[in-house]
Amino acid sequence: MASANTSWSEENFSCPICLDVFSSPVSTPCGHNFCGSCINKFWDEQVQCKCPICNKIFDTRPDPQVNIFVSEMADLFRTAVRVKEQPCFEPAEVPCDVCTGTQLKAVKSCLVCLISYCQAHLEPHQRVAGLKKHRLVKPMDRLEDRMCKKHDRLLELFCQTEQECVCQFCTEGDHRSHPVVPLKEEYEVKTALLGKIEAEVQQMIQERKLKIKEIKDTVEFNNKIADGVIADGGQVFTALMRRVEKCRDDFNQTVKERLKTTEKQAEDLIKELEQEIEDLTNRSSEVKPLSHTEDHLHFLRAFRSLKDPPPPRDWTTVEVRPPSYAGTLRRSLDQLEETLNMEMKKLPDDELKRVQQYEVDVTLDPDTASPWVILSEDGKQVHHGGVWKVLPYNPKRFILYTCVLTRQSFSSGRSYFEVQVKDKTAWRLGVARESIDRKGGTEWTPENGYWTLYYNKDKLVFRDNPDVRLPLRAELQKVGVFVDYDEGLLSFYDVEARVHIYSATGCTFTEPLYPILSPWHHEGGTNSAPLIISPVNQTD
C-alpha cells in the first residue's frame, strides 16, 4: 500500500462530528464518512435518521460498515503525525541510526543490534518476540566503541589484571588466566570506589575550608594583636614625647635661669660702678675749686673739712663670667634615658605574655641522651650523673656532649617552652637542627646548627662566631625560649623577671628544630641540680 501523503491536513482524516482523526470510520449510503460511534450516537438522538452533512433522510436506519480504506489512511496519517511530532536530536543528544533525512532523537540503544532507535523505529523491539529479548539501554553514542577491535564482539567483561574491558573471546586468548567479571559487577565496585573517592574529596574540601577559616581567624587574631601592640606603642611614644617636651622645657628653663642670674650679677656690678662714679664725680666737684685757690688759710681749712673717700675697690679682678651649661644637657638626656628605660621595662611583660600563648609540650628523648646524663621518668628533667653509663649504640645519641634533645620538633609556625635553671652553676639550652653532628666536637654555633644560650657563673652568652656577651642577670631561675620558624627568629626571656634577654634574628631554618638541653658538667656535685622543662604560668 502506498504511504499516506504527509502534506494532507488533519481535516482530510477528521470525523465531521467529533472533529478528531477517524476512529473505526464507517460510510453512510450517501457516501459520507464518520466515526462509527459518532454516527450511531447522532442517530440515537434523532427522530429521523439523516446524514449530518447533506441532510439526506433515510427511511430505515442504515447499518453502516467500516470503510477499510479510510481506516488504513487514518492510521497512516496518525502515525505520520506522531513521528513528525517527535523532536529532532540536539548536539548533546544521541541521534537515531535508522532515520533518513532529518534524524530524530534516539530513546534507546540496542546492545545486540548496536543501533540507536527513535520512538518510531524502536516499535519492532517492543512488538516482535525475538527482538524483545535484545538488551535495551539509555541512548549511547558511538556504539562501535563497545565492540572488541580484535574479535568484533561485544565488550561485556572486565579484566581485573589488565584493568580493561574485554569480550568473551578475549578470555579464551590473551586473558585466559586473568580474573574477569561482568562489566556490571566491576561497575558496581568502581562506583562504590568512586563514592569513597568522592567522600574523601569532599572531606579534603571541608578540611581545606576549615584551614581557610583557621587562617582567616589567625589573620583576624593577628590584627587584634597588632592593634594592641600599636596602642601600647602609641602610649609609650606619647609618654616619651611628653617626657621629651618636659626635658626640653626644663633644659630651656635651666639655661634661661642661669643666664638671668649672670645678667643680675652684671646689673649689680654696673650699679655699684655707677655709684662709685657718682661719688667720685661729687668728690671731684669738691676738690676741683680748691685746686684753683691761692689763699693758703682757706685752702687748709677747706681741705681739712673734706670727707675721707671710701676705700677704693680693686676692679681689675672683677669680671662677669658667662654661665656654665656644662652637664645641663647631659642631665636632661640622663633623665630622658631613665624614662625610656622605665617604659622599656613595661614592654617585656606584655611581650612575654604574647609569646607564652605558643606553648608546646615537649619531653626529653632518651635515645638522644648522652651516657653522662640521667633523665627523669616523665622526661621533664635532666641532670649530670657523674659517671659514664654503658648504653646501646644509637645513631641519634650524643657521645661527646652532655646533652639531650626532645622527642618533639618544630618545622613551622611559632613555639615556646620554659626551662628551670635554678641552683645551676652552668648550663646550655636552646634549639638545634636535626642533622647536627652528635659524635664529634663541633662548635655550638648557628653555622653548625645550634642556637643556644650558655651560662657559666660569671658569664652569659649567646653562642655564635664570635659569641655575643650578654649582661649577667641576678638570680636567673627560669628561661623562656621562643621560636618563630617561618620568620627565622629565636628569643630568650628571663621568665621570673619577665625581661627579654636576647633575640637571634634572620636565622635560616631549613630542617626540623629540636629543643636541646645540657646540664653541663657535674663539677664535684656543685652543679648537680637538674634542668627542668616547666609548664608555662602566665601569671608569673
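The paragraphs below set out a description of the structure included in this document. Quantities reported herein were computed from a predicted structural model and do not represent experimental measurements.

### Some details on the overall build of the chain
Alright, step 1. The number of helices and strands found in the chain is 7 helices and 24 strands.
Alright, step 2. A compact globule built from 540 residues would reach a C-alpha radius of gyration of about 24 Å, whereas the chain, at 57 Å, exceeds it by more than 25%.
Alright, step 3. In terms of overall dimensions, the chain has C-alpha extents of about 205 × 90 × 40 Å along its principal axes.
Alright, step 4. Counting across all 540 residues of the chain, residues that qualify as buried make up 32%.
Alright, step 5. The long-range share in the chain, meaning contacts at least 24 apart out of those at least 6 apart in sequence, stands at 56%.
Alright, step 6. Taken as a whole, the chain presents about 34,400 Å² of accessible surface, with 54% of it coming from carbon and sulfur.

### Some thoughts on the sheet that holds strand 6 (residues 108–110)
Alright, step 1. One open sheet accounts for 3 strands, arranged 7-6-8; its pairing is antiparallel. Where the open sheet ends on each side, the last strands, each with one partner, are strand 7 (115–117) and strand 8 (136–137).

### Here's the deal with the sheet that holds strand 5 (residues 65–66)
Alright, step 1. An order of 2-1-5 is seen for the 3 strands of this open sheet, with the pairing classed as antiparallel. Pairing within the sheet leaves two strands with one partner each, and these edge strands are strand 2 (33–35) and strand 5.
Alright, step 2. As defined by bridge partners, strand 1 (residues 25–27) adjoins strand 5 across 2 bridges and the pair is classed as antiparallel. If you follow Val26 over to strand 5, its bridge partner there is Val66.
Alright, step 3. Running at roughly 90° to strand 2, helix 1 (residues 36–44) makes contact with strand 1 and strand 2 of the sheet.

### Quick word on the pattern of salt bridges
Alright, step 1. Taken as a whole and assessed by the stated rule, the structure comprises 14 salt bridges.
Alright, step 2. Among the ionic pairs, Arg127 bridges to Glu123, the shortest N-O distance being 2.4 Å. Of this pair, Arg127 and Glu123 are both found in helix 3 (residues 123–127), 4 residues apart, which corresponds to roughly one turn of the helix.
Alright, step 3. Its relative accessible area of 52% is what places Arg127 among the exposed residues.
Alright, step 4. Here Asp361 and Lys380 are joined by a salt bridge, their closest N and O atoms 2.5 Å apart. Here the residue Asp361 occupies a position in the loop between helix 7 (328–356) and strand 12 (373–375), and Lys380 occupies one in the loop between strand 12 and strand 13 (381–384), the gap between them amounting to 19 residues.
Alright, step 5. Classification of Lys380 by relative accessible area gives buried; the value is 19%.
Alright, step 6. By sharing partners, the salt bridges in this structure join Glu443, Arg463 and Asp467 into a single network.

### What to know about helix 1
Alright, step 1. Regarding helix 1, the residues found buried are Gly36, Cys38, Ile39 and Trp43.
Alright, step 2. Taken together, the buried residues of helix 1 touch strand 1, strand 2, strand 3 (49–50) and strand 4 (57–58).

### Here we look at the environment of Val21
Alright, step 1. Its place among the elements puts Val21 in the segment before strand 1.
Alright, step 2. With relative accessibility at 11%, the residue Val21 sits in the buried group.
Alright, step 3. Along the sequence, Val21 and Val360 sit 339 residues apart, while their C-alpha atoms lie 88 Å from each other.

### Description of a nonpolar patch on the surface
Alright, step 1. Among the surface-exposed residues, Leu193, Leu194, Ile197, Val201 and Ile205 lie close enough to one another that they form a single nonpolar patch of about 400 Å² accessible area.
Alright, step 2. Looking at where Leu194 falls in the secondary structure, it is placed in helix 5 (residues 183–290).

### Quick word on the pairing of strand 13
Alright, step 1. Along strand 13, the buried face is formed by Val382 and His384; none of Gln381 and His383, which line the opposite face, is buried.
Alright, step 2. The pairing of strand 12 with strand 13 spans 3 bridges and is antiparallel. By the bridge assignment, Ile374 is partnered in strand 13 with His383.
Alright, step 3. Here strand 12 folds back onto strand 13, and the loop between the two strands holds 5 residues, one of which, Gly379, carries a positive phi near 70°.

Conventions and cut-offs
- Residues numbered from 1 in each chain as written.
- Predicted model: local features only at pLDDT ≥ 70, side-chain atom pairs only at ≥ 80, totals over all residues.
- Heavy atoms only, no water.
- Helix = DSSP H or I, 4+ residues; strand = E, 2+ residues; numbered from the N terminus.
- Rg over C-alpha atoms; globule rule 2.2 N^0.38 Å.
- Buried < 20%, exposed > 50% of the residue type's maximum accessible area, 1.4 Å probe, protein only.
- Contact = heavy atoms within 4.5 Å.
- Areas by Shrake-Rupley, 256 points an atom, 1.4 Å probe, with all protein chains shown as cover.
- Pairing = 2+ DSSP bridges.
- Axes fitted to C-alpha atoms, helices over the stretch in contact; angles between N-to-C directions.
- Salt bridge = Lys/Arg side-chain N within 4 Å of Asp/Glu carboxyl O.
- Patch = residues over 30% accessible without salt bridge, like charges linked within 9 Å, V, L, I, M, F, W, Y side chains within 5 Å.

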